[in-house]
Amino acid sequence: MSTTPKSLAELRDVYGPHLNLAPPGGWDADLEPDKLVKTHCCFCGQQCGIQLKVKDNRVVGFEPWTEFPFNEGKLCPKGVKRYLQGNHPDRLTSALVRTEHGFAEVDWEAAMAHTVNEIERIQTQYGKDAFAVLSGVSLTNEKSYLAGKFARLGLGTKNLDYNGRLCMVSAGVGNKKAFGVDRAANSWADIVGADVIWVTGANVAECAPITTDYIWRARDRGAKLIVVDPRITPLARTADLVLPLKPGSDCALTNGVLHLLHKWDLIDWDFVKAHTTGFEQALEEVKDCTPEWTSGLTGLPVAAIEKAARMWGEAETSFLLHARGIEHQSKGVENVLGCINMVLATGRIGKPNCGYATITGQGNGQGGREHGHKCDQLPGNRDIENPEHRKYICEVWNCTDEELPGKGLTAQEIMNAIHTGEIKGLLSLCFNPLVSLPDTEFTRAALSRLEFYVNLDFFLSETAQHADVVLPAALHEEDEGTTTSAEGRVIRINKAVEPPGDARADWKILVEIAQRLGKEKWFGHFTSPEAIFNELRVASKGGTADYFGITYEKIEKNLGVFWPCPELDHPGTPRLFEGGKFFHPDGKAKFIPTRWRPPMEVVDAEYPIWLTTGRVVFHYLSGTQTRRIGFLVEQCPHPYLEIHPRLAALHGIEEGDAVEITSRRGALVLPAKVVKSIRPDTVFIPYHWPGELSANRLTARHLDPLSKIPEYKVSSVRIAKTTKDRFPAELAELQRMAFEARTDQANLPEQVF
């Protein structure tokens, strides 16, 4: 049973989170570095270029990398402080096994032998698919590719999925349906030349800060900005038009805009007739989506809806950006397709300064979803249920069709199957589902039912605390490889330092497990990340995500290469769909009708307030890394309830008051942050914290039927003012850590809190 071996407080005392407040030697050390290593930030899908300063096998600082074209030396707060996760007191440097008295350090051989024995026991007793793999897309392309091959041929299980399932997967499904390929249509350079920029469900300034620079450069030359979001995000405060719609009503808005584009004859009929199919069906679906109908569902004024449609429809050039706000819904795919219908109707795609993109959230959210990391996909973005696609990969992998498992369960479905006892064993890496998945207590209960769980990580995450074996893995700067940025640019991750102690690169751990399981023939040749990448190139050849013409040398020489790049002499493809050529067999894009339907959970008399969740600029995903960096904790130590003054007044709530938030899944108590930048019927909680402070104690396991993404952005809750003695103890500890980060004093004076 994978329950925690000690109390959470005892585990926190030993394994953190503790803070790293300063680089080796302190801020005044002024160490002369041995070398500068050009690489990329690990903290979001933009993958900004950065140079790490290395002294005596330790990362001691950074320098801007101004030559890298995407960010030209600019970084967000996380990028500036990212190097402080190295040399960290919480860093795992030895293998751990769970005992009755807590975790105990063991030698590598014992940990690996135990792991392999348990995998074999479970699969012999319950079948191959009773052991599952969950991984993450902060991993490099090489590790993502290897994770897919490891699960399918190393373990022989079909139950593999990734935490991109919680991120960009609705966009991926929508893109493939409409365009036949899953990638941003343009490099970000086309944003700057757009006359109108439509941003929907994307808190750009906090979640993709460098993208703000591209939008502002467009604004400097006169571009108009439309922002759609229930919150008036920092970028929205600079917009020409803000549309603060009701959570979950995004598809109603895009349907309403398409209705008006047709009514006002703002359609590019030449483009639509020559390069698309399905427009008549899409129009039929929106024929009754009048501004009044749209207003009724979205809560937006008719005049604002008409103004947005007019601004979008009459523009000469445009760029539409969206992110998790519309994708984290039980109709995330339909929301994406609604946006794409707006773009296709105006014909503004595949041309200079005209484009469309999802803003990828995770570090390698683009590349990690292309090469077999998903339960339904093979390398090159191939379909695991397509006989021709299977045949090609079997030839590359030198296996039979019978040896290649079929489609497995998605991430949330794997956790559901663990909960029911269908899955008995789990290997996870780069994934912290106890913080990331919805309905936290359900996830905790599921983990407790595993017969064996092995976790690969560099810090003991909240999920790793449930593991039977923890294998210390490598940080981003301790390994090399490639990632693919939000633009579709394949870039090089360069190794700066060696992993400490017994820690080692994830790919080495997976290869060793596979070899110990007797699968040498499929993994023995993987002696370096480049060896894995070279097989990935061949496996992707001919697929929509074709990397065959990309080499490590070519990436370095060109500061990145955009896929598809099918041949060695091909320059790469920064802009897709030029000439109106799409990736479907007929070369045309598809309009997909998007019929309006409500979210899975709506407000009612018992739970009358909308809840939406999201990120803040100072933290990344489940916070495993950023909750350990002093400066970032000082800036944002804990979650809070963002609430409009009118709603706060209705409940007698003032700034800093304790508020109990309750949904059908659970409850938590947080301090109130009273702001005017949110709808009065909606509250917001950032999701980077675990335990009693986890926003996902409130969210539901409702999934989009196609992408299987959870509906994080739409829940219904009730709130009530309560007393501050009900704040969780974790909140006081985080307050103390923020004080420590600010003053370098560990003990918090009572009067400060």
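Preceding this section is the structure that the text describes.
What you see is a predicted model; the values in this text were computed from it and never measured.

Novice: Go over the overall build of the protein, please, and point to the residues and values.
Specialist: If you tally the helices and strands in the protein, you get 26 helices and 28 strands. Expected size for 753 residues packed as a compact globule is a radius of gyration near 27 Å; at 25 Å, the protein falls within 12% of this value. Out of the 753 residues in the protein, the part that is buried amounts to 65%. With an accessible surface of roughly 25,100 Å², the protein has 50% of that area assigned to carbon and sulfur atoms. Within the protein, the 97 negative side-chain charges are centred at a point lying 3 Å from the centre of the 85 positive side-chain charges.

Novice: Before we move on, can you summarise the packing of helix α9 (residues 250-263) against helix α12 (residues 291-298) with the specific residues and values?
Specialist: Where α9 meets α12, the axes come as close as 9 Å, and the angle between the chain directions of the two elements is 165°. Judged by the angle between their axes, α9 and α12 are roughly antiparallel. By crossing handedness, the relation of α9 to α12 is classed as left-handed. Here Ala 252, Leu 253, Asn 255, Gly 256, His 259 and Leu 260 of α9 lie close against α12, whose contacting residues are Pro 291, Trp 293, Thr 294, Leu 297 and Thr 298. When the residues that make up the contact of α9 with α12 are grouped by side-chain class, the tally is six nonpolar, five polar and no charged.

Novice: For helix α26 (residues 729-743), give the residues involved together with the corresponding values.
Specialist: An ideal rise of 1.5 Å per residue puts 21 Å on 15 residues; α26 measures up with 21 Å between its terminal C-alpha atoms. Along α26, the residues classified as buried are Glu 730, Leu 731, Leu 734, Arg 736, Met 737, Ala 738, Phe 739, Glu 740 and Ala 741. Structurally, α26 contributes buried residues whose contacts are with α1 (8-15), α24 (630-635) and β26 (667-674). At the exit of α26 stands Asp 744, carrying a positive phi of roughly 65°.

Novice: I'd like a description of empty space enclosed by the protein, backed by residues and values.
Specialist: One pass over the structure, following the stated rule, counts five cavities of 30 Å³ or more. In this model, the second largest cavity occupies a volume close to 280 Å³. In terms of lining, the second largest cavity is formed by 17 residues, of which the most central are Arg 12, Pro 17, Glu 462, Pro 690 and Glu 730. Taken together, the elements giving at least two residues each to the lining of the second largest cavity come down to α1, α19 (440-448) and α26. The dominant element in the lining of the second largest cavity, judged by the number of residues it contributes, is α26, at four residues. For the lining of the second largest cavity, the class distribution of residues is seven nonpolar, four polar and six charged.

Novice: I'd like to hear about unusual backbone geometry, residue by residue, with values.
Specialist: For the peptide bond that leads from Gly 16 to Pro 17, omega is 15°, which places it in the cis range. Note on placement: Pro 17 falls in the loop between α1 and β1 (35-40). Residue Pro 564 is bonded to the preceding Trp 563 through a cis peptide linkage, with omega at 0°. Positionally, Pro 564 belongs in the loop between β21 (561-562) and β22 (589-590). Positive phi outside glycine occurs at Asn 57, with the angle close to 60°. Considering the arrangement of structural elements, one finds Asn 57 in the loop between β2 (49-55) and β3 (58-64). The backbone phi angle of Asn 87 is positive, close to 50°, even though this residue is not glycine. The class of Asn 87 is partly exposed, set by a relative accessible area of 39%.

Reading the values: the criteria
- Residues numbered from 1 in each chain as written.
- Predicted model: local features only at pLDDT ≥ 70, side-chain atom pairs only at ≥ 80, totals over all residues.
- Heavy atoms only, no water.
- Helix = DSSP H or I, 4+ residues; strand = E, 2+ residues; numbered from the N terminus.
- Rg over C-alpha atoms; globule rule 2.2 N^0.38 Å.
- Buried < 20%, exposed > 50% of the residue type's maximum accessible area, 1.4 Å probe, protein only.
- Areas by Shrake-Rupley, 256 points an atom, 1.4 Å probe, with all protein chains shown as cover.
- Lys, Arg positive; Asp, Glu negative; His and termini not counted.
- Charge placed at Lys NZ, Arg CZ, Asp CG, Glu CD.
- Axes fitted to C-alpha atoms, helices over the stretch in contact; angles between N-to-C directions.
- Parallel < 35°, antiparallel > 145°, perpendicular 65-115°, else oblique.
- Left-handed = near helix turned anticlockwise from the far one by under 90°.
- Contact = heavy atoms within 4.5 Å.
- Nonpolar A, V, L, I, M, F, W, Y, C, P; charged D, E, K, R; others polar.
- Expected span 1.5 Å × (residues − 1).
- 1 Å grid on protein atoms, 1.4 Å probe; cavity = no way out; pocket = protein on both sides within 12 Å on 5 of 7 lines; lining within 4 Å.
- Points joined across faces, edges and corners; volume = space filled by probe spheres on them.

Such coordinate-based values are descriptive only and should not be taken to indicate function.
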